[in-house]
Amino acid sequence: MKQIRRFDFWSAASLTILGLFGLFLIYPLGGLLKEAVFLPEKGFTLDAFRKFFGKSYYYSTIFNSFRIALTVMFLCLLLGIPFSYFYTFYKLKGRKFLFVLCLLCTMSAPFIGAYAWILLMGNNGLITNVLKGLGVRKFSIYGFGGIVLVQTLKLFPLVVIYMNGAFRNIDSSLMEAAESMGCKGVDRFFRVLLSLTMPTILAAALLVFMRSFADFGTPLLIGRGYTTFPVLIYNEYLGENGSDYHFAAAVSIIAVGVTGLFFLIQKLANSRFKFTMNAMHPVTAVNPKKVSGIFMHIYCYAVVAISMLPQVYIIYMSFRKYNNSILLPGYSLVNYQKAWSKSLLRATGNTLFISFATLAVIIMVAVLIAYLVVRRSNIINQAIDTISMLPYIMPGAVVGIALVIVFSHKPLCIAGTLGIMIVALAIRRLPFTSRSATATMMSISPSIEEAAISLGASKLASFVKITVPMMSNGIISGAVLSWVSIITEMSSGVILYNNRTITLTIGTYVAINNGVYGVAAAFATVTTLLTIVCLVVYLKFTRLEDIRM
Amino acid sequence: MVCGSRTVSALPLGNELRGSAMSVDINIRHAVKKYGENVVIPDLSLAIHNKEFFTLLGPSGCGKTTLLRMIAGFNTIEGGDICFNGKEVNAIDPGKRNIGMVFQNYAIFPNMTVRKNVEFGLKTRRIPADRIKEETDRFLSLVHVDQYADRMPDRLSGGQQQRVALARALVIRPDVLLMDEPLSNLDAKLRIEMRTVIRDIQKNVGITTVYVTHDQEEAMAISDRIAVMQAGVIHQCGKPQNIYLRPVDLFVATFIGKSNLLKGKLLLDGKAVRVQFADSYIVDIPYISEEQRKPQEVVISCRPEELVINVDERGEGIHGIIKDSVFLGLNTHYFVELDSGEQAEVVQESNIDDILPPGKHVRLMVKTSKINIFNADTHMSIMQGVKLLTE
């Protein structure tokens, strides 16, 4: 509908959001680009890029990261799709429990898993020692294999969550139609189910790829010389040889280029699958046959158990007696005592404050964007939509560096405040929330708002009283998962934090770095606890099936 | 008096609903609707009378919903004007036109109970709480959903949601009730039941109503007057029987009800005006308008009930062979292939004798007082008493 509109609330919202994006996204990116190609003493220069592509130590990190991300992506699909298929189409024992565990797996800080696997299978790990006793010696958790293992176990639940939604959107009549034409069982799984869910599979693949590519904690801890992109950025930024903003910025630009390229490839692949589905009769789960049923249960529970193992082990370790990094026999609360003295309380407080503030910001912005994009489509709002997706291809470390570069000096010096942490996290999370808000908005018929307007409500009132409440289900289910990914966010925070703005996740990282492993375990346990509390509250309000990223 | 400044409290509060809403007449003069360069409604004029049930009827995409939304104010108007009681409303917001609107998908607020839905419009008008309850209760019981007042909408059937939508639109005592294909999502039986409900309530409340539908039977059952639209143009506007019996052109003849179209010639024989069918079957037609009484190629539109089967195959009429028949209880439909290759459908009251078998040779005669004749080139009716627009 084309109309000549007066300047109203929505025009103001449009301009405000554009302004915020300009200040906190475009301006830092511009600063990053300038830092990468400009040196005060030399003017414009491509030295940093020459340096990067000149040494295999540097450019091999691209291949390393790409290899890891691709491997993790395929393994996650391989683990996650069958898991989700069994979960959606068959009545498994303890379905809910299984799914909650699955969610918990993905909700830990990334490197906690890495750290736990080192404790379990590192040089002096529990499992390593058991295997040594059995005479098995030739394996290592460090390097490529370890990174892939940790990331796969952490990220496969994302595939499960995505695929559950997609499978539930398939109308049972489609399955029956396939069967009536003689296509069933494994054949139907590949020819009908997978092709119907291909858009979702691609979306999940992209998400896993991006997460894996941007992950910084895992390769740092468990990589041992297998350097990835984000680690390189971090080392150059805070390296032992002094910080090199110029080079870190250049590497960041290259990183964005690589992820952007992959994003475009995915979009291209996705454009081949343009169809919409909405199940009137979703598939109902049936009881599995005996033998295959046993196999399904073993598969699902084994995968979840292995994924949960690190977190359980960390909780256990947090109650062990430690003398700094030396593990002593027996149990105690000494780790918590020490953590307390190392600002556990402040970290918890910061974590809660930052996460809720960020959540409030992104929900507000996402809802406004959704409305503007869906109901007020014009050039400015299309631009807002596109810009809001930009952070999707920016690894956390890049966001961190970009913000530090432009906001650590005048005119706007906010580096080192909680504010900049909130900005960084909001930027990182916005694409997901605004995507899901836009999707929810699209499903709301415009005539509902028109009904309110025809009854005399103003446009703003009909938005607040009708549209927002109708979106709230979608918003809440997205918000809780956002919240969890905010409190476990690490890659941008580690660049931006200082002693005053430390969070739980960063506290864990700092403790590991200082070698006080017991304290790290205590920090990690508190984080896990918070996550569980949040998840329980969340499940009180939402049906398990409605969970979205 | 159009604006929302009038409050409901100024209205009488008796139990009698008739006359409690202040109805209006609607005048549309040379309205134009464009989407960019695409002209949807080129030039449309229409007068809708006070308290009238007026239907916009046409195939999908004909612009009827666009026009309704222009009256509501959800669509802008690019030329001409729309007046309520003589006052132009072109630039007035929908919320201030004092309209009640019922949407195709009902647009019931899913996050509110039935009662809250109906109260919504009253609350935005800041009516005192006791008045809100009183009015809401009255309209809930008027549409017979009072027993579901505290239910959420997802626990209502389609027909019940429809009733809630109607109550919600009427409770604010609008000047105009606008309905956009309100029955299209209901099953056939409920559709017939609800159209009676809507008709009764409209008469009871006495409110100017504009109704949009593509279902010609529904339009005829419910309306005082119908405007038949195609491609943004009103072809004919009048009472249902007017449109059915004397369609203005071939489009209206075929869109409203079923019509068999047969080719023929208009002949003058002294004072008599005759129509000759393909099979040299000739009938006298005295109802041709004066200025059209000249020899010309014509198309004759005969509704199935306007054809009569003559079983004497050597007798009078157009020769044809029965291809198929459908027995529907009261009536029997015959499908007849004429020698010219044209197909004709004939309805006869079922009688106790056997149904005529396929392959039987018959002759078809026409009821001369009922058939309509159109010029073959212009497709316009050449009958007497045809009115394009009735005021």
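See the structure above.
What counts, and where the lines are drawn
- Residues numbered from 1 in each chain as written.
- Chains lettered and ligands numbered in written order.
- Predicted model: local features only at pLDDT ≥ 70, side-chain atom pairs only at ≥ 80, totals over all residues.
- Heavy atoms only, no water.
- Helix = DSSP H or I, 4+ residues; strand = E, 2+ residues; numbered from the N terminus.
- Buried < 20%, exposed > 50% of the residue type's maximum accessible area, 1.4 Å probe, protein only.
- Contact = heavy atoms within 4.5 Å.
- Areas by Shrake-Rupley, 256 points an atom, 1.4 Å probe, with all protein chains shown as cover.
- Lys, Arg positive; Asp, Glu negative; His and termini not counted.
- Charge placed at Lys NZ, Arg CZ, Asp CG, Glu CD.
- Salt bridge = Lys/Arg side-chain N within 4 Å of Asp/Glu carboxyl O.
- Patch = residues over 30% accessible without salt bridge, like charges linked within 9 Å, V, L, I, M, F, W, Y side chains within 5 Å.
- Buried area = accessible area lost by both parts, 1.4 Å probe.
- Polar contact = N/O pair within 3.5 Å; in protein donor to acceptor, adjacent residues only side chain to side chain.

A. Inspection of the overall build of chain B at higher detail. Within chain B, the regular secondary structure consists of eight helices and 20 strands. Dimensions of chain B, computed from the C-alpha atoms along their principal axes, are close to 80 × 50 × 40 Å. Every one of the 391 residues in chain B was classed for burial, and the buried ones make up 54%. If you take every contact in chain B between residues at least 6 apart in sequence, the share linking residues at least 24 apart comes to 69%. Surface summary for chain B: the accessible area is close to 17,000 Å², and the carbon and sulfur share equals 50%. The average position of the 47 basic charges and that of the 49 acidic charges among the side chains of chain B differ by 6 Å.

B. Fine view of the pattern of salt bridges. Inspection of every chain in the model, using the stated rule, returns 20 salt bridges over all chains. Among the salt bridges present, the one from Arg50(A) reaches Asp47(A), with a minimum N-O distance of 3.0 Å. Here Asp47(A) and Arg50(A) lie together in helix α2 (residues 47-54), a separation of three residues that amounts to about one turn. Exposure remark for Asp47(A): the relative accessible area of 27% places this residue in the partly exposed category. Between Arg225(B) and Glu52(B) there is a salt bridge, and its shortest N-O distance comes to 2.4 Å. Residue Arg225(B) is found in strand β9 (residues 225-230), and its partner Glu52(B) is found in the loop between β2 (38-48) and β3 (53-57); the two are separated by 173 residues along the sequence. Among the residues examined, Glu52(B) registers a relative accessible area of 7% and is labelled buried. One continuous salt-bridge network, built from bridges that share partners, spans Arg115(B), Lys133(B) and Asp137(B).

C. Spotlight on a nonpolar patch on the surface. Residue and element names in this part refer to chain A. On the surface, Tyr316, Phe319, Tyr331 and Leu333 cluster together into a nonpolar patch covering about 420 Å² of accessible area. With respect to the secondary-structure elements, Tyr331 resides in strand β4 (residues 326-331). On the basis of relative accessibility, which here comes to 54%, the residue Tyr331 falls in the exposed class.

D. Highlighting the interface of chain B and chain A. On the side of chain A, 19 residues touch chain B, which itself brings 24 residues to the contact. When the buried area of chain B at its contact with chain A is split by residue, Phe74(B), Phe109(B) and Phe120(B) rank highest and sum to 25% of it. On inspection of chain B and its partner chain A, the count reaches one salt bridge. Of the charged contacts, one joins Arg69(B) and Glu450(A) as a salt bridge, the two residues approaching to 2.7 Å between their closest N and O atoms. For the interface between chain B and chain A, the tally reads five residue pairs in polar contact (both at pLDDT 80 or more). Listed by contribution, the elements that provide at least two residues to the side of chain B that touches chain A are β6 (99-102) and α2 (114-124) of chain B. With three residues, α2(B) is the single largest residue contributor to the side of chain B that touches chain A.

E. Fine view of the environment of Thr65(B). All names here are of chain B. Tracing the sequence through the fold places Thr65 in helix α1 (residues 64-72). For Thr65, a relative accessible area of 23% corresponds to the partly exposed category. Between the alpha carbons of Thr65 and Val311 there is a distance of 47 Å; along the sequence they are 246 residues apart. Not counting the four nearest positions on each side in its chain, Thr65 is found in contact with Asp180 and Val212.

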